[in-house]
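Geometric and topological summary
Below are the chains, spelled out letter by letter.
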Amino acid sequence: MQFTTLGETEEIGASCHYLHLDNAGIILDAGADPEKEGMDSMPDLELIADHPDWPVDHVIISHAHHDHLGALPLVTRTFPHAHIHMSSATRQLADILLPASARLQRRKLREGSTTVEPIFDEDEVEASSYVYQAHPLEDEFDLTGFKSDFDVSGEFFDAGHVLGSLGVMIRWEEEGRLRKLFYTGDTGLNNQTIIPGAEYPDEKVDILLLESTLGADPTAETFTRRSEEKRLGEEMAKVLKRGGTVLMPVFALGRGQEMIALIDRYKRRGIIHEDIPVYTAGMMRAIADLYDKTRHSTPRLNEDFQVYGVPQSRLPRSRQALMEALKKPGIMAVGSGMMFERTISNKIAQQLVENPKNAVFLVGFAREDSPGDRILKARAEGRGTEAVLSSARGAQPIRCDVDRFRFSGHSHRRDLLKLVERLDPEKIVLVHGEAKAKAWMADNIRFFHPDIEVIVPTEGQVLDL
Ligand SMILES: [Zn+2]
Ligand SMILES: [Zn+2]
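Computed from a prediction, not measured in an experiment: that's the story for all the values here. (Residues numbered from 1 in each chain as written. Chains lettered and ligands numbered in written order. Predicted model: local features only at pLDDT ≥ 70, side-chain atom pairs only at ≥ 80, totals over all residues.)

If you tally the helices and strands in the protein, you get 13 helices and 22 strands. Against the globule reference of 23 Å for 465 residues, the protein gives a C-alpha radius of gyration of 22 Å, in line with a compact fold. In terms of principal-axis extent, the alpha carbons of the protein reach across some 70 × 50 × 40 Å. Counting every position in the protein, which comprises 465 residues, the buried fraction comes to 46%. Excluding contacts between residues fewer than 6 apart, the proportion of contacts in the protein whose partners are at least 24 apart in sequence is 73%. (Helix = DSSP H or I, 4+ residues; strand = E, 2+ residues; numbered from the N terminus. Rg over C-alpha atoms; globule rule 2.2 N^0.38 Å. Buried ≥ 20, exposed ≤ 12 C-beta atoms within 10 Å, placed from the backbone. Contact = placed C-beta atoms within 7 Å.)

As structure tokens, this is what we get:
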């Protein structure tokens, strides 16, 4: 079997891998890099074309985050006869997220914030969405290639990360023996507020493709969800009591809905007053609706809970209305989670960071040097330290509270090691993590499991596994 990674660099980048087994060609994930634009953000599909004997029969999408899904229209255009497999929820999310991505690319060009031509448009996205095939969890489906000699099968397992997320087990025959490869996708092994922890298989595999997002984060494992939940509730109550606004930059898919569920819990328990307005915007609302529609058909901790059952106000559009809203206590849960420039959370932060009554509470992963990371570091140096949120506006004094709470949808690294123990692979290929995250994972797996071969691939490197 051959493996190559098409979209990853030293950073997290775009998730996209290619497998060639028993004459079947399978692409795992079709992600785009959220920090780049145009073809630079896309996985390098040419690496497949360089091998005339590498077919592409199937594409599997683990979940609907942009770094796993964002290049799918390009992949379907390049390999129009490939079968595209995902969960039913991911398929419905793709119908919201990919057209939105096409509109964003066009708007950026029109506004002049980029010179890069859009990679795809809404018509192309719509036309290709008809070929996506949805499969239920723990139900085998066919991944045999056009030229395969034997059957190749796939089976989805719940990954516990966001709505619709999954890992996939691939089984095939090689030289007369059954071989198994498991790709984790992004993993959430512990319960969140809405979504329960992963239900991964409990069987020995030959090869494990393992994500390593939190591999370089020594502190993630020292926080418990319960203590973070308590701390966030208390800090929020303090800010609201003094009449301030709490800005929670969130990812539109996953963290946003989980935080609404948590705010609802605080209100029910009287930690914050039930009349405090909760503002949400745009895509997050459409995705919340999908969380509710799928609550009986996808894994839930409480099937009765509805994100839309929690009263939410639409974020004011005009500057004047926003300034009015900021005069009263309130919570704004809006994207993007890392507060990238020109996103709603960034624009609101510019309005509220200079007033000490307010707070910005980060609740997800923030890459180094993202605006979220910059204000967190500046505020840690002391109230009033300057940081740049928007390059057009320049440095601003950060006088409000800025804090980070650990509610990642990713497994921390000790849990990833437990998963290694459970699946007991002969070989592990580390994917989806910064270089130092993969290095920590590799060192620790080698220490605890000296028999396992651990590989950290570079982009385009062809591994024989
Ligand atoms: Zn993800
Ligand atoms: Zn990811």
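Partitioning the protein into domains gives domain 1 (2-217 + 409-464) and domain 2 (224-404). A C-alpha centroid distance of 29 Å is found between domain 1 and domain 2. On the side of domain 2, 21 residues touch domain 1, which itself brings 21 residues to the contact. The dominant element in the side of domain 1 that touches domain 2, judged by the number of residues it contributes, is helix H4 (residues 88-111), at 5 residues. Grouping the constituent residues of the side of domain 1 that touches domain 2 by class yields 10 nonpolar, 10 polar and 1 charged. (Domains from an automatic or database assignment. Nonpolar A, V, L, I, M, F, W, Y, C, P; charged D, E, K, R; others polar.)

This part is about the environment of Val-420. Structurally, Val-420 is set in helix H12 (residues 413-423). C-alpha of Val-420 to C-alpha of Lys-204: the two residues are 216 residues apart in sequence and 9.8 Å apart in space. Dropping the residues within four chain positions of it, Val-420 is found in contact with Leu-208, Ile-428, Ile-445 and His-449.

The next subject is the sheet that holds strand E15 (residues 330-334). With parallel pairing, the 6 strands of this open sheet are ordered in space as E14-E13-E15-E12-E16-E19. Sheet topology places strand E14 (313-314) and strand E19 (401-404) at the edges, where each strand pairs with a single neighbour. As defined by bridge partners, strand E12 (residues 245-249) adjoins E15 across 5 bridges and the pair is classed as parallel. Bridge pairing links Thr-245 to Gly-330 in E15. Each of E12, strand E16 (359-362) and E19 touches helix H11 (residues 371-380); the most contacted strand, E19, lies at about 115° to it. (Pairing = 2+ DSSP bridges. Axes fitted to C-alpha atoms, helices over the stretch in contact; angles between N-to-C directions.)

Residues Met-248 and Val-360 are the most contacted members of the largest nonpolar core, which totals 126 residues. Composition of this core by domain shows at least three residues from each of domain 1 (2-217 + 409-464) and domain 2 (224-404). Apart from residues no more than four positions distant in its own chain, Met-248 is found in contact with Met-259, Ile-331, Met-332, Ala-333, Phe-361 and Val-363. (Core = buried A, V, L, I, M, F, W, Y, C linked by C-beta atoms within 7 Å.)

With that out of the way, let us pick up the sheet that holds strand E22 (residues 463-464). Read across the sheet, 7 strands follow the order E6-E5-E4-E3-E2-E1-E22 without closing on themselves; strand pairing throughout is mixed. Of all strands in the sheet, those with a lone pairing partner are strand E6 (132-134) and E22, marking the two edges. With 3 bridges joining them, strand E4 (residues 58-60) and strand E5 (residues 83-86) adopt parallel strand pairing. Residue pairing across strands places Ile-60 opposite His-85, the latter belonging to E5. Against the sheet, H4 engages E5 and E6, with an angle of about 145° to E6.

Time to look at the packing of H4 against helix H8 (residues 282-293). One way to put it is that H4 packs onto H8 with a least axis distance of 10 Å and a crossing angle of 170°. Relative to H8, the element H4 lies roughly antiparallel. On H8, the residues touching Gln-92, Leu-93, Ile-96 and Ala-100 of H4 are Met-283, Ala-286, Ile-287 and Leu-290. Residues belonging to the contact of H4 with H8 are distributed by class as follows: 7 nonpolar, 1 polar and no charged. (Parallel < 35°, antiparallel > 145°, perpendicular 65-115°, else oblique.)

What follows concerns the pairing of strand E1 (residues 2-5). Sheet topology places E1 next to E22; 2 bridges connect them, and they run antiparallel. When the sheet's bridge partners are listed, Phe-3 is paired in E22 with Leu-463. The sheet contact formed by E1 and strand E2 (residues 17-21) spans 4 bridges and is antiparallel. Across the sheet, residue Thr-4 finds its bridge partner in E2, namely Tyr-18.

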